[in-house]
Amino acid sequence: MKGHRFQAIKRMLCLLLILGLCGSSIACGGSPQVISDPEEQQYQYSIQIREIPSPDQALYESDILEGHEDCQVLERNRVYQSGSIYRFLAIVNEDENNFYYENVLQIFREETWRWEQIPLSGEGWIEERAISINALAGATKEGAFLRLTDYYAEGGEQGFLGYFDGSEGKLLMEWPKEAEEAFVCQDQKQNIYFVDDFGGTIYAYDKNGKQLRQSSLNAYLRGGICHPVTGAMLWYGNVDDQLRLWEDAGKPSSYELIKVVAPYESLITCGPDGVLYYADAQAVWVSGDTPRQVLNFSDSGYRPQELHSIQLREDGDILCHATLDGTLCLMTLHRLMEGETNEQQEILLYGYGDTFLQQIVTRFNRQNSQYHITIQDPTEDSRAFMEIASGKGPDLFFLSPLEAKEYAREGYIRDMEGIIDDPSLFLNAALENGRVDGVTYGIPYSCTLYSLVFSQKVAGDRQSWTVEEMMKAVRESEAKTLYWYFSQNNAYSIVLQCGLYDNENTAYIDWKAGESHLDEQPFMELLKFAKEYGDNGDYDSAEVLSKLQGGEIAGLELHLWKPGQLDYAETCFAGKASYVGYPTSTGKKGVYVRADCLYVNQATDKLEGIREFMRFMLTKEAQNLCMADGNGFIMPIRLNTIFDLVEQERKKAEEALEPLYYDDGYIVWQEDGLSQEQLGILEELLEQAQPYRFYAMELESILEEELEPYFSGDRSLEETVEILDNRVQVYLDERGTD
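Chains are numbered independently. Their residues run from 1 in the order of the written sequence. Reporting in this predicted model follows two pLDDT cut-offs: at least 70 for local features of residues, and 80 or more for side-chain atom pairs to be given and counted; totals over whole chains, interfaces and linings ignore these cut-offs and use all residues. Only heavy atoms go into the side-chain values, all of them from the structure, while hydrogens and water stay out.

Novice: Describe helix α19 (residues 717–735), and please don't skip the residues or the numbers.
Specialist: Three or four residues apart is the spacing at which side chains of an α-helix point the same way, because the helix has 3.6 residues per turn. Numbered from the N terminus, helices here are DSSP runs of H or I no shorter than four residues, and strands are runs of E no shorter than two. Every helix has an expected span of 1.5 Å times one less than the residues it contains. For α19, spanning 19 residues, the distance from its first C-alpha to its last is 26 Å, which sits close to the expected 27 Å at 1.5 Å a residue. Whether a residue is buried, partly exposed or exposed follows from its accessible area with a 1.4 Å probe, protein chains only, as a fraction of its type maximum: under 20%, in between, or over 50%, in that order. Taken together, the buried positions of α19 are Leu 717, Thr 720, Val 721, Leu 724, Asp 725, Val 728, Tyr 731 and Leu 732. Seen from one end, α19 has its buried residues packed into an arc of 135°, which puts them on one side. Facing away from the buried side of α19 by over 90 degrees, the exposed positions are Glu 722 and Asp 733. What the arc covers is the set of directions going from the helix axis to the C-beta atoms.

Written out as structure tokens, the structure reads:
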């Protein structure tokens, strides 16, 4: 039976060594990352990354705020253009006794590698009176277009387009009244284009302010490109879920559909030879009859959180402004000469890298000159297990606790004892996810807490309960459903999560003695209860909240991947939530932690680099990357970082101009930072948490096969438990006792 189970695991796990894998590197160590064009092998690139200095720090270190340190600094908008960044600020103090307002233009230029702060005055644009500077409308390589308003013009207020070259400004023309909300582009002939992005309309004027034409493309316009060869303007934008490119704005129905990039994250640019390049936060593509991928950011180990700009240079280099692990950077994809090679040791991490892991890998790669982590997404392939079993395959990969147990017994993974110097710094239940028979094999970096939350009307003031107490309380209530999780049919889940996942409950299975009791009364009662109170999802999504608050649904399954989810639970029960948890036989609250753990291939020859990466993964610096963009991706495992996340969410709610509402498609809730009572609940959940590691996981294929006919009404309860008990007992006999 054990061999049969492991064959199933082999089929489930796809740990394939990707042949022809791209190399990798970073700028800080000076060694190139070799990235080949995956289809034609036409070019190779090295990725070089430089952190752009903080604009806020540059502002506060200047004399701009001298005497106005209490003012608010508001970023109105920013524009990325030709290696430069333009940032339009308002410096504001609205205190009636000390009112102050000033506009500042910050400019970052690649050649100087610093921010310049320039106060913008409304004087000098028009003789004898001051006008207001409202917005940054666009930019060229040399300067910025500004939206100006003269509120005292004859005949009423008048808008203007101005241009500021870094030292002086001049008025170019009146701002078209029909283009109230527009950004501005300019072509090689200095013609001006006012682009109503939401309306999809382009208003073209010559350099003297004479209107040339008006074009309506009926799209959300994302940008315009001046073709370097023909001088024509190309436009691209979104229509529904499509990205369209127009080479002639006068022909709205004549467009090219760009399918390789994400429509709402995409950027398009033109090389010196007129060849188009497409990019999003996943990859860069070069156009052609069939677009070719130049670079996959995930495979490179540098996955941007956001891609802000892309530019092609004469020498073939590709420049991108991007936010990486919470830091604004300039990425240079440098085209390599023939013969250049990768000097770093590449470590292949095989699996779906979530955002948190991507940011950890990116930060490690940016800082480490000796090792480079490459994340390769898994693909179905029958060779996967054979690669590992024959001493090949990736260096790092993911496993479930059950898979890890089998892989450890077969000797396919290496123990990682010694990586964690001080376990008290981390959530112990998360660390336990990676242990097999007390030995550390997997190193976690993130986790999610799983628990059941009930209405206080059902659970009362209980801190925990047994399965018998839970069933009695629900039957005595007005509930028709035990718990909700996105309206999924969950009778089978009730049997597992409320019964068989309790490793210590010998009333169902005595794992130590190797005895099944699934044909006895306690398990039969659980099956009847699950069938009666399982969620069938037979209601409209708009009814979920009223059913939870009204008591028709007794509880909900809570996946706590950030502290603010406690506000979600309180909303579901109108502030009367009971965090009693899954039922247990031990008296402890039923809270389980599922951690994402990385395991090490026994055959790897890169152990030193792997250990260095894993130690970095657990540092406070790396764990803090769970909130790199101001939003929590997932729960870290470092305890002080979890509470840093609590504080960050509180500050975010306090500083928000409007209440922070969230919507999962069923329930709308507000997150306003944890109260002291909620903080105590979180601390208790963390303290009581147990690893998401259950013996009954070994039986899931048997359980699912035999319980489905019962829940669908095709088999009696007595026949079901008899068959199930016999099959489980055979499994236990072959398995042996722990």
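Don't stop here, the text continues.
Novice: Account for the packing of aromatic side chains, naming residues and giving values.
Specialist: Classification of ring pairs rests on two measures: the distance between centres of Phe, Tyr or Trp rings, Trp counted by its six-membered ring, which must be within 6.5 Å, and the angle between planes, read as stacked under 30 degrees, edge-to-face over 60 and tilted in between. Following the criterion strictly, the structure yields 30 aromatic pairs and no others. Where Trp 175 meets Phe 194, the ring centres are 4.8 Å apart and the plane angle is 75°; that geometry is what we call edge-to-face. With Trp 175 in the loop between β10 (169–174) and β11 (183–186) and Phe 194 in strand β12 (residues 192–196), the pair connects residues that are 19 residues apart, well separated along the chain. Taken together, the ring pairs in this structure connect Tyr 450, Tyr 501, Tyr 582, Tyr 592, Tyr 692 and Phe 694 into an aromatic cluster. Definition used: whenever NZ (Lys) or CZ (Arg) falls within 6 Å of the ring centre and also within 35 degrees of the ring normal, the charge is taken to sit over that ring. Here Arg 50 stacks its cationic end above the ring of Trp 113, 3.7 Å away from the centre of that ring. If you follow Lys 562 out to its NZ or CZ, it ends over the ring of Tyr 662, 4.4 Å from the centre.

Novice: Give a detailed account of the nonpolar core, specifying residues and quantitative values.
Specialist: Residue types Ala, Val, Leu, Ile, Met, Phe, Trp, Tyr and Cys, when buried and joined through side-chain atoms within 4.5 Å, form a set referred to as a nonpolar core. Grouped together as the largest cluster of nonpolar side chains are 83 residues, with contacts concentrated most on Phe 613 and Met 614. For this core, the element with the most residues is strand β37 (residues 591–600), which contributes 7 residues. Listed in part, the 51 residues of the second largest apolar core include Val 458, Ala 459, Leu 526 and Ile 702.

Novice: So what about the packing of helix α4 (residues 355–367) against helix α14 (residues 607–617)? Which residues, and what values?
Specialist: Only the stretch in contact is used when fitting a helix axis, every axis being a line fitted to C-alpha atoms; angles between N-to-C directions are given from 0 to 180 degrees. As a packed pair, α4 and α14 sit with axes 10 Å apart at the nearest point and diverge in direction by 120°. Here α4 is positioned oblique relative to α14, judged by the angle of their axes. Crossing handedness for the pair α4 and α14: right-handed. Of α14, the residues touching α4 (which contributes Leu 357, Ile 360, Val 361, Arg 363, Phe 364 and Gln 367) are Glu 612, Phe 613, Phe 616 and Met 617. Grouping the amino acids of the contact of α4 with α14 by side-chain chemistry returns 7 nonpolar, 1 polar and 2 charged. Here the angle decides the label: under 35 degrees means roughly parallel, over 145 means roughly antiparallel, 65 to 115 means roughly perpendicular, and every other value means oblique. Helix crossings are classified by the rotation of the near helix relative to the far one: an anticlockwise turn of less than a right angle makes the crossing left-handed, while a clockwise turn makes it right-handed. For this analysis, residues touch if any pair of their heavy atoms sits within 4.5 Å. Residues were grouped as follows: Ala, Val, Leu, Ile, Met, Phe, Trp, Tyr, Cys and Pro as nonpolar; Asp, Glu, Lys and Arg as charged; and all remaining residues, including Gly, as polar.

Novice: Before we move on, could you go through the pairing of strand β14 (residues 211–216) and cite the residues and values that matter?
Specialist: Between any two strands, pairing holds if DSSP finds at least two bridges. Relative to β14, strand β13 (residues 201–205) runs antiparallel, the two being bridged by 5 bridges. Each residue of the ladder has a partner; that of Ile 202, found in β14, is Ser 215. Linking β13 to β14, which pair antiparallel, is a turn of 5 residues; within it Gly 209 sits at a positive phi near 90°.

Novice: Explain helix α9 (residues 467–475) to me, and be specific about the residues and the numbers.
Specialist: All of the buried residues along α9 are Val 467, Met 470, Met 471, Ala 473 and Val 474. End-on, the buried residues of α9 take up no more than an arc of 165°, which puts them together on one face. Next to the buried residues of α9 lie β31 (443–455), α8 (456–459), β32 (481–484), α10 (491–500), α11 (521–533) and β35 (553–560).

Novice: Got a sec to walk through the confidence of the model for the protein? Specific residues and values, please.
Specialist: Close reading of the predicted structure is inappropriate where its pLDDT is low. For the protein, per-residue confidence averages 88 on the pLDDT scale, and 91% of positions sit at 70 or higher. Here pLDDT means the predictor's own confidence in every residue, given as a number from 0 to 100. Ranking the helices and strands of the protein by mean pLDDT puts α11 first, with 98, and helix α1 (residues 2–12) last, with 36. For the stretch residues 1–41, pLDDT sits under 50, and the model shows 140 contacts to residues farther than four places along the chain or on other chains.

Novice: Before we move on, can you summarise the sheet that holds β14 with the specific residues and values?
Specialist: Pairing is antiparallel across the open sheet formed by 4 strands, whose spatial order is β11-β12-β13-β14. Pairing within the sheet leaves two strands with one partner each, and these edge strands are β11 and β14. The sheet shows a mean angle of 20° between the axes of neighbouring strands, taken without regard to direction.

Novice: How would you summarise the environment of Met 524 if you had to cite specific residues and measurements?
Specialist: In this structure, Met 524 sits in helix α11. Take Met 524: its relative accessible area is 12%, and that puts it in the buried class. Separated by 194 residues in the primary sequence, Met 524 and Glu 718 place their C-alpha atoms 8.1 Å from one another. Those residues in contact with Met 524 that lie beyond four places of it in its chain are Asp 519, Leu 717, Glu 718 and Val 721.

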